[in-house]
Amino acid sequence: MARIPVTANFYLDELVPESILTARGEKAIQLLDMRIIKAAQFIRDQLGETVYINNWYQGGNLDECGLRTFGTKTGAVYSQHKFGRALDLHSPAGVKAMFEVVKKFEKILIADQFLTTVEDISFTPTWLHIDCRWTGLDKLLIVQP
(Lines give C-alpha, C1' and ligand atoms only; values in the text may rest on other atoms or scores of the structure.)
Protein backbone atom coordinates (compact mmCIF):
# COMPACT_ATOMS: atom_id res chain seq x y z
CA MET A 1 0.00 0.00 0.00
CA ALA A 2 1.31 3.45 -0.89
CA ARG A 3 1.80 5.92 1.93
CA ILE A 4 -1.10 8.35 2.35
CA PRO A 5 -0.06 11.93 3.15
CA VAL A 6 -2.16 13.70 5.80
CA THR A 7 -0.14 16.92 6.25
CA ALA A 8 3.07 18.34 4.81
CA ASN A 9 5.17 16.05 7.02
CA PHE A 10 2.94 13.26 8.32
CA TYR A 11 1.51 10.13 6.72
CA LEU A 12 -1.51 8.13 7.83
CA ASP A 13 0.67 5.13 8.76
CA GLU A 14 2.37 7.32 11.40
CA LEU A 15 -0.97 8.06 13.02
CA VAL A 16 -2.62 4.63 13.20
CA PRO A 17 -1.48 1.09 13.97
CA GLU A 18 -0.89 -1.34 11.13
CA SER A 19 -4.01 -3.34 12.02
CA ILE A 20 -6.29 -0.32 11.59
CA LEU A 21 -4.64 0.84 8.36
CA THR A 22 -4.95 -2.69 6.96
CA ALA A 23 -8.62 -2.94 7.95
CA ARG A 24 -9.77 0.56 6.98
CA GLY A 25 -7.26 1.90 4.46
CA GLU A 26 -7.74 5.61 3.75
CA LYS A 27 -10.89 5.61 5.91
CA ALA A 28 -8.68 5.24 8.99
CA ILE A 29 -8.35 9.03 8.91
CA GLN A 30 -12.00 9.21 10.02
CA LEU A 31 -10.97 7.86 13.43
CA LEU A 32 -8.65 10.78 14.17
CA ASP A 33 -9.34 14.26 15.50
CA MET A 34 -7.79 16.64 12.99
CA ARG A 35 -6.97 19.13 15.76
CA ILE A 36 -4.25 16.89 17.18
CA ILE A 37 -2.80 16.30 13.71
CA LYS A 38 -2.70 20.07 13.16
CA ALA A 39 -0.95 20.45 16.53
CA ALA A 40 1.71 17.89 15.54
CA GLN A 41 2.30 19.67 12.23
CA PHE A 42 2.49 23.04 14.03
CA ILE A 43 5.11 21.70 16.44
CA ARG A 44 7.07 20.20 13.53
CA ASP A 45 6.94 23.50 11.62
CA GLN A 46 8.14 25.52 14.60
CA LEU A 47 10.82 23.04 15.64
CA GLY A 48 12.31 22.86 12.17
CA GLU A 49 13.36 19.28 12.88
CA THR A 50 11.99 15.86 12.08
CA VAL A 51 9.09 14.80 14.29
CA TYR A 52 7.64 11.33 14.00
CA ILE A 53 4.92 9.28 15.68
CA ASN A 54 4.64 5.61 14.63
CA ASN A 55 7.46 4.13 12.58
CA TRP A 56 6.19 0.59 11.98
CA TYR A 57 5.80 1.29 8.27
CA GLN A 58 9.56 1.74 7.94
CA GLY A 59 10.30 -1.39 9.98
CA GLY A 60 10.45 0.35 13.36
CA ASN A 61 8.87 -0.82 16.61
CA LEU A 62 6.44 2.06 17.23
CA ASP A 63 2.83 1.10 16.45
CA GLU A 64 0.71 2.69 19.20
CA CYS A 65 1.98 6.27 19.47
CA GLY A 66 -1.06 7.61 17.66
CA LEU A 67 -4.49 5.98 17.57
CA ARG A 68 -4.80 2.86 19.73
CA THR A 69 -7.39 0.12 19.62
CA PHE A 70 -9.66 -0.37 22.62
CA GLY A 71 -8.29 -3.90 23.04
CA THR A 72 -4.70 -2.78 23.59
CA LYS A 73 -2.95 -3.20 26.92
CA THR A 74 -0.96 -0.01 26.23
CA GLY A 75 -2.01 3.05 28.23
CA ALA A 76 -5.08 3.84 30.28
CA VAL A 77 -8.49 2.27 29.69
CA TYR A 78 -9.92 5.58 28.46
CA SER A 79 -6.71 7.02 27.01
CA GLN A 80 -7.16 9.94 24.63
CA HIS A 81 -5.20 7.83 22.12
CA LYS A 82 -8.20 5.48 21.86
CA PHE A 83 -10.43 8.38 20.81
CA GLY A 84 -8.00 9.69 18.19
CA ARG A 85 -7.21 12.79 20.28
CA ALA A 86 -3.62 12.04 21.37
CA LEU A 87 -0.18 11.51 19.87
CA ASP A 88 3.23 10.65 21.29
CA LEU A 89 5.81 12.68 19.38
CA HIS A 90 9.46 11.73 18.92
CA SER A 91 12.28 13.84 17.52
CA PRO A 92 16.06 13.77 17.29
CA ALA A 93 15.83 17.30 18.75
CA GLY A 94 14.56 15.74 21.98
CA VAL A 95 11.52 15.94 24.21
CA LYS A 96 12.60 19.15 25.91
CA ALA A 97 12.92 20.98 22.57
CA MET A 98 9.41 19.91 21.54
CA PHE A 99 8.01 20.90 24.95
CA GLU A 100 9.66 24.33 24.67
CA VAL A 101 7.87 24.88 21.35
CA VAL A 102 4.56 23.97 22.99
CA LYS A 103 5.17 26.36 25.89
CA LYS A 104 6.29 29.18 23.57
CA PHE A 105 3.12 28.90 21.47
CA GLU A 106 0.77 27.78 24.25
CA LYS A 107 -1.70 30.65 23.79
CA ILE A 108 -2.08 29.98 20.06
CA LEU A 109 -2.46 26.22 20.54
CA ILE A 110 -5.02 26.66 23.35
CA ALA A 111 -7.00 29.38 21.54
CA ASP A 112 -7.44 27.13 18.51
CA GLN A 113 -8.02 24.06 20.72
CA PHE A 114 -5.36 22.21 18.72
CA LEU A 115 -3.66 21.22 21.92
CA THR A 116 -4.87 21.34 25.51
CA THR A 117 -2.81 18.77 27.39
CA VAL A 118 0.73 17.37 27.61
CA GLU A 119 2.23 14.80 29.93
CA ASP A 120 4.90 15.96 32.34
CA ILE A 121 8.14 15.35 30.42
CA SER A 122 9.94 14.17 33.54
CA PHE A 123 7.81 11.01 33.20
CA THR A 124 8.16 10.68 29.41
CA PRO A 125 11.85 11.25 28.61
CA THR A 126 11.73 9.74 25.10
CA TRP A 127 8.43 11.15 23.78
CA LEU A 128 6.10 14.13 24.14
CA HIS A 129 2.49 13.15 24.76
CA ILE A 130 0.06 15.74 23.40
CA ASP A 131 -3.72 15.65 23.31
CA CYS A 132 -6.71 17.84 22.60
CA ARG A 133 -9.19 16.67 25.24
CA TRP A 134 -11.65 19.22 26.55
CA THR A 135 -10.26 20.89 29.67
CA GLY A 136 -12.13 24.20 29.80
CA LEU A 137 -8.84 25.86 30.74
CA ASP A 138 -7.16 28.86 29.15
CA LYS A 139 -3.74 27.34 29.79
CA LEU A 140 -2.02 24.09 29.06
CA LEU A 141 -2.86 21.16 31.34
CA ILE A 142 0.28 19.25 32.32
CA VAL A 143 -0.58 15.79 33.65
CA GLN A 144 1.37 13.00 35.25
CA PRO A 145 0.82 9.59 33.68
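Refer to the structure above for everything that follows.
Quick notes on the rules
Sequence order as written defines the numbering, with residues in each chain counted from 1. Only residues with pLDDT of 70 or above have their local features reported here, since the model is predicted, and side-chain atom pairs are shown and tallied only from 80 upward, although totals for entire chains, interfaces and linings are computed over all residues. Side-chain calculation: all heavy atoms of the structure are included, whereas hydrogens and water are not. By definition, any uninterrupted DSSP run of H or I lasting at least four residues is a helix, any uninterrupted run of E lasting at least two residues is a strand, and each is numbered from the N terminus. Here, expected helix span is obtained from the residue count minus one, scaled by 1.5 Å. A simple rule labels every residue: compare its accessible area, found with a 1.4 Å probe on the protein chains alone, to the largest value its type can have, and call it buried under 20%, exposed over 50%, or partly exposed in between. Residue contacts follow a heavy-atom distance rule, with two residues in contact if any of their heavy atoms lie within 4.5 Å. Each nonpolar core is a collection of buried residues, namely Ala, Val, Leu, Ile, Met, Phe, Trp, Tyr and Cys, held together in the definition by side-chain atoms within 4.5 Å. A pair of strands is labelled paired if DSSP reports no fewer than 2 bridges between them. Axis definition: a line fitted to C-alpha atoms, over the contacting stretch in the case of helices. Angles run 0 to 180 degrees between N-to-C directions. A pair of aromatic rings is counted whenever rings of Phe, Tyr or Trp (Trp by its six-membered ring) have centres within 6.5 Å, and the orientation is called stacked for planes under 30 degrees apart, edge-to-face for over 60 and tilted otherwise. Lysine NZ or arginine CZ positioned within 6 Å of the ring centre and within 35 degrees of the ring normal marks a charge as sitting over the ring.

Let's talk about helix α3 (residues 34-47)
Here is step 1: Relative to the 20 Å expected for 14 residues at 1.5 Å per residue, α3 spans 20 Å between its end C-alpha atoms, a close match to the ideal helical length.
Here is step 2: All of the buried residues in α3 are Ile 36, Ile 37, Ala 39, Ala 40, Gln 41, Phe 42, Ile 43, Arg 44 and Leu 47.
Here is step 3: Where α3 is buried, its residues touch α1 (12-15), β1 (86-89), α4 (95-104), α5 (106-111) and β3 (128-131).
Here is step 4: Immediately beyond the C-terminal end of α3, within one or two residues, lies Gly 48, with a positive phi of roughly 70 degrees.

Notes on the environment of Gly 71
Here is step 1: Its place among the elements puts Gly 71 in the loop between α3 and β1.
Here is step 2: Each C-alpha atom of the pair Gly 71 and Lys 82 lies 9.5 Å from the other, and the pair is eleven residues apart in sequence.

Some remarks on the nonpolar core
Here is step 1: Counting 39 residues, the largest nonpolar core has Val 16, Leu 89, Leu 115, Leu 128 and Ile 130 as its most contacted members.
Here is step 2: The set of elements that each furnish at least two residues to this core consists of α1, α2 (18-24), α3, β1, α4, α5 and β3.
Here is step 3: If one sorts the elements of this core by residue count, α3 sits on top with seven residues.
Here is step 4: The residues touching Ile 130, leaving out its near neighbours within four places in the chain, are Ile 36, Ala 39, Ala 40, Ile 43, Arg 85, Ala 86, Leu 87, Leu 89, Leu 115, Thr 117 and Val 118.

Description of the sheet that holds strand β4 (residues 141-143)
Here is step 1: Sheet architecture is open: four strands sit in the order β1-β3-β2-β4, paired in mixed fashion. Taken across any chain shown, the strands that pair with only one partner, and hence form the sheet edges, are β1 and β4. Shown here is a sheet whose adjacent strand axes are inclined to one another by a mean of 25 degrees, direction ignored.
Here is step 2: Where β1 and β3 come together, four bridges link them in antiparallel fashion. Looking at the pairing, Leu 87 lines up with Ile 130 of β3.
Here is step 3: Contacting β1, β2 (117-119), β3 and β4, α4 runs over the sheet at an angle of about 30 degrees to β3.

As for the side chain of Glu 106
Here is step 1: With respect to the secondary-structure elements, Glu 106 resides in helix α5.
Here is step 2: Judged by its relative accessible area of 15%, Glu 106 is buried.

Comments concerning the packing of aromatic side chains
Here is step 1: Under the criterion given, the structure shown has three aromatic pairs.
Here is step 2: When the centroid spacing of 5.4 Å and the interplanar angle of 80 degrees are considered together, the rings of Phe 70 and Phe 83 count as edge-to-face. Taken together, the residues Phe 70 in the loop between α3 and β1 and Phe 83 in the loop between α3 and β1 connect sequence positions 13 residues apart.
Here is step 3: Judged by relative accessible area, Phe 70 falls into the exposed class, the value being 52%.
Here is step 4: The class of Phe 83 is partly exposed, set by a relative accessible area of 34%.
Here is step 5: Note that Arg 3 overlies the ring of Tyr 11, its terminal NZ or CZ placed 4.1 Å from the centroid.

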